[in-house]
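What follows is the residue order along each chain.
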Amino acid sequence: MYGSDATIQSVEEYLESLPPEKRSELEKVREVILRNLPEGYQEAFAWGMITYQVPLERYSDTYNGKPLMYAALTAQKKHHSLYLTGIYLSEEDRENFEQAYRNTGKRFDASKSCVRFRTTDDLPLDLIAKEIASLDVPAFIEKTEQVLSKPRKRRSKSK
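Residues numbered from 1 in each chain as written. Predicted model: local features only at pLDDT ≥ 70, side-chain atom pairs only at ≥ 80, totals over all residues. Heavy atoms only, no water.

Trainee: Tell me about the pattern of salt bridges, and please be specific about residues and values.
Mentor: Using the criterion set out here, one finds 11 salt bridges in the structure. For Glu31, the salt bridge is made with Arg35, and the minimal N-O distance between the two is 2.9 Å. A residue pair is termed a helical-turn pair when its members lie 3 or 4 positions apart in one helix, as Glu31 and Arg35 do in helix H2 (residues 20–36) at 4 residues. Given the relative accessible area of 48%, Glu31 is considered partly exposed. For Arg35, a relative accessible area of 58% gives the class exposed. For Asp109, the salt bridge identified is with Arg107, shortest N-O distance 3.6 Å. (Salt bridge = Lys/Arg side-chain N within 4 Å of Asp/Glu carboxyl O. Helix = DSSP H or I, 4+ residues; strand = E, 2+ residues; numbered from the N terminus. Buried < 20%, exposed > 50% of the residue type's maximum accessible area, 1.4 Å probe, protein only.)

The structure is reproduced here in structure tokens:
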């Protein structure tokens, strides 16, 4: 993953560290995110990625003491990754996003935590914009707390 250099401290440094073609693709998606990001989130460089997060001053009750991440964007060797935490807070939200994505005719390449794309042509940018705009900070915190308060299923160890 690009950005794993410990000397990188900012979004600008991260973007400058990327090969031009990678930087160009991330900048296109970053622009969509920034245009649609609800007020109150902050853009930062964390975890080797460009993150969009709830500042600790606003919400500090996280399991790891780090800001609550709403979305993130990073360049990998063969693709880019867009993390959309909000769609994974409920099965219904995830299914609705996946269906809307597939309805665009674009190839849906995702794992449990991110959407992978090679170029912005692979992404339905209107859908990404809509998803980014969908949860303001209070709603995101509330949904996160609802998920965290649910009892977790424990896996039984087989003997």
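And the narrative resumes.
Trainee: Which residues make up the layout of surface pockets, and what values do they have?
Mentor: Over the atoms, a rolled probe matching the size of one water molecule traces out where space is still vacant. Each pocket or cavity is described by its volume, and for the largest pocket that value is around 650 Å³. Tyr63, Asn64, Leu68, Met69 and Thr85 are the residues nearest the centre of the largest pocket, which is lined by 22 residues in total. Breaking the lining of the largest pocket down by element, the ones donating at least two residues are strand S3 (68–75), strand S4 (80–84) and helix H5 (137–149). Residue contributions to the lining of the largest pocket peak at 3 residues, all from H5. (1 Å grid on protein atoms, 1.4 Å probe; cavity = no way out; pocket = protein on both sides within 12 Å on 5 of 7 lines; lining within 4 Å. Points joined across faces, edges and corners; volume = space filled by probe spheres on them.)

Trainee: Explain the environment of Arg94 to me, using residue names and the numbers behind them.
Mentor: By the secondary structure assignment, Arg94 is in helix H3 (residues 91–103). Measuring from C-alpha to C-alpha, the distance between Arg94 and Leu73 comes to 18 Å, with 21 residues separating the pair along the chain. Polar side-chain contacts of Arg94 include one of 2.8 Å to the side chain of Glu98. (Polar contact = N/O pair within 3.5 Å; in protein donor to acceptor, adjacent residues only side chain to side chain.)

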